[in-house]
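For reference, the chains in residue letters:
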Amino acid sequence: MKRLLILLALFTTITLQFCFESRNLQKGNIEMADSSKGLKDYFKKYFIMGVAVSPRALKSEESAMILSQFNSLTAENAMKMGPIHPKENEYFWRDADSIAAFAKLNHLKLRGHNLCWHNQTPNWLFKDAEGKQVTKEVLLQRLKEHITTVVKRYKGSIYAWDVVNEAISDKKEEYLRNSLWYQICGEEYIAKAFQFAHEADPEALLFYNDYNEIDPIKREKIFRLFKSLQAAGIPIHGIGLQAHWAINEPTRGQLDSTIQRFTELGLNIQFTELDISVYPKEHNSREKKSKDNNTIFTAEKEQKQQEEYKMCFELFRKYRKNISAITFWNISDRTSWLDNFPVRGRKDYPLLFDESLQPKKAFWEIVKF
Ligand code: HAH
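What counts as what
- Residues numbered from 1 in each chain as written.
- Predicted model: local features only at pLDDT ≥ 70, side-chain atom pairs only at ≥ 80, totals over all residues.
- Heavy atoms only, no water.
- Near = heavy atom within 4 Å.
- Polar contact = N/O pair within 3.5 Å; in protein donor to acceptor, adjacent residues only side chain to side chain.
- Areas by Shrake-Rupley, 256 points an atom, 1.4 Å probe, with all protein chains shown as cover.
- Nonpolar A, V, L, I, M, F, W, Y, C, P; charged D, E, K, R; others polar.
- Core = buried A, V, L, I, M, F, W, Y, C linked by side-chain atoms within 4.5 Å.
- Buried < 20%, exposed > 50% of the residue type's maximum accessible area, 1.4 Å probe, protein only.
- Contact = heavy atoms within 4.5 Å.
- Axes fitted to C-alpha atoms, helices over the stretch in contact; angles between N-to-C directions.
- Helix = DSSP H or I, 4+ residues; strand = E, 2+ residues; numbered from the N terminus.
- Parallel < 35°, antiparallel > 145°, perpendicular 65-115°, else oblique.
- Left-handed = near helix turned anticlockwise from the far one by under 90°.
- Expected span 1.5 Å × (residues − 1).
- Arc of directions from axis to C-beta.
- Pairing = 2+ DSSP bridges.
- Right-handed = clockwise from strand over helix to strand, strands pointing away.
- Disulfide = S-S within 2.5 Å.

(A) Summary view of the site of the ligand. Surrounding the ligand, one finds 13 residues, the nearest of these being Lys80, His113, Glu166, Glu273 and Trp329. At 3.1 Å from an oxygen atom of the ligand is found a side-chain nitrogen or oxygen belonging to Asn165. If the ligand stood free it would expose 430 Å²; the protein chains cover 89% of that surface. Residues of the shell around the ligand, tallied by class, amount to 5 nonpolar, 5 polar and 3 charged.

Here it is, written out as structure tokens:
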């Protein structure tokens, strides 16, 4: 009787095991996978795994999925200067506060994005009461007031800030972007922003963040900026590489040499805004053309995207000692900023989760190591 019971228990265990494995096989995962595990678990010993969110997403069915997959958040828009500081003497905290509260409640890390950028700036910022452009002194004073107020509010909640975003020019011959910041203040606004942030929260890790870092010319300009800030003793702790990539770029060699180069700075590297568009990369926004109407996520696109994600994560793991976090720019293919950039209204499928929030083949590919 005892033997019979043992045999029965053994049989049940094997059957259950078989059912579990075949369920995962159906999901397209060739190796045995544990569907209760999220990205944060697979990469536990490697990186913090983050995602950019809106306050609305945190109140929707996406919130459970965020909690099962990620251990860090970035506000996609809510902490940018335009949304958070719409008038000179008026801050709008509701959205940013709700993201910070969600992070705190659920013990997620929080990255701050961002304190100084040429885009999504409020209308009042560069103008005086008569509508004339402000002086350098006034603009730096406004920058100081803004940074001090925002950074102090989230002191202890935000562990890392993108202090300056996208200050480098995309034009080959030009070093810094000819933004209003630059026109009014010259190069100095960059160093000042870091000093103001450091004074407001000496514990926060301070990042410079930019895109198209895989381009050798832009990469060297970013490198040059870091070297000059470091030489001047400016508090800067990390380099944020946005990683808005596509199925055709970067190549393995390009990404390897990019990461390799930035390791020379001896700073923390984070991939701050990762997505892989299923369309060949274009860097400038443009009108929709008739050929843009074919927006089906074909098996070919899926295959190419999966290969690109696999390659990127192989290299991230290769440089794991230098890289501390990977953040995706949006949650799933349901909506992403790439549905409107570079082509307004062209559907893209750049993330690891599909429109039903289910892991895509690319997901299973990157967690298989
Ligand atoms: C990023 N710019 C910004 O950092 C982020 O705040 C925004 O929500 C989306 C993307 C990327 C970018 C680009 O790849 C090309 C041209 C302009 C801006």
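(B) Fine view of the nonpolar core. The biggest cluster of nonpolar side chains holds 103 residues, and the ones touching the most others in it are Leu39, Leu73, Trp161, Phe316 and Phe328. Phe328 has contacts with Leu39, Met49, Gly50, Val51, Ala52, Phe70, Leu274, Tyr309, Phe313, Leu351 and Leu352, leaving out every residue within four places of it along the chain. Counting 5 residues, the second largest nonpolar core, distinct from the first, contains Tyr159, Ala160, Phe207 and Ala325.

(C) Spatial organisation of the packing of helix α10 (residues 252-263) against helix α11 (residues 299-318). Across the interface, α10 lies against α11 with an axial gap of 10 Å and an inter-helix angle of 25°. Between α10 and α11, the interaxial angle falls into the category roughly parallel. Here the hand of the crossing between α10 and α11 comes out right-handed. Contacts between α10 and α11 pair Arg252, Leu255, Asp256 and Ile259 from the former with Met311, Cys312, Glu314, Leu315, Phe316 and Lys318 from the latter. Classifying every residue of the contact of α10 with α11 gives 6 nonpolar, no polar and 4 charged.

(D) Inspection of helix α8 (residues 188-200) at higher detail. The terminal C-alpha atoms of α8 lie 19 Å apart, and with 13 residues this matches the ideal 18 Å at 1.5 Å per residue to within 8%. Within the span of α8, buried status applies to Tyr189, Ile190, Ala191, Ala193, Phe194, Phe196, Ala197 and Ala200.

(E) Looking closely at helix α3 (residues 62-69). Of the residues making up α3, those classed as buried are Glu62, Ser63, Met65, Ile66 and Gln69. Along the axis of α3, the buried residues cluster in a sector spanning 160°; they form a single face. Taken together, the buried residues of α3 touch α2 (39-42), β1 (48-53), β2 (72-75), α5 (94-105) and α12 (361-366).

(F) Main features of the pairing of β2. Neither face of β2 is open: one carries Ser72 and Thr74, the other Leu73 and Ala75, and all of them are buried. For β1 and β2, the ladder comprises 4 bridges, and the chain directions are parallel. Within β2, the residue paired with Gly50 across the bridge is Ser72. Handedness of the β-α-β unit built from β1, α3 and β2 comes out right-handed. By the bridge criterion, 3 bridges tie β2 to strand β3 (residues 109-116) in an arrangement that is parallel. Bridge assignment links Leu73 to a residue of β3, and that residue is Leu110.

(G) Broad picture of unusual backbone geometry. Here the amide bond leading from His113 into Asn114 is cis, since omega sits at -10°, within 30 degrees of zero. Tracing the sequence through the fold places Asn114 in strand β3. Cis geometry is found at the peptide bond from Phe341 to Pro342, where omega equals 0°. Its location among the elements puts Pro342 in the loop between β9 (323-328) and α12. Backbone geometry places His107, a non-glycine residue, at a positive phi of 55°. Along the chain, His107 falls in the loop between α5 and β3. A residue is classified by how much of its surface remains accessible, and His107, at 71% relative accessible area, is exposed. Positive phi, close to 60°, is recorded for Glu166, a residue that is not glycine.

(H) How the structure looks around the state of the cysteines. If you walk through the whole model with that rule in mind, you get 0 disulfides. Between Cys116, a cysteine without a disulfide, and Cys185, which holds the nearest cysteine sulfur, the sulfur-to-sulfur distance is 8.3 Å. Cys116 sits in the buried class, given a relative accessible area of 1%.

Interpretation note: all reported values are geometric properties and have no functional meaning in isolation.
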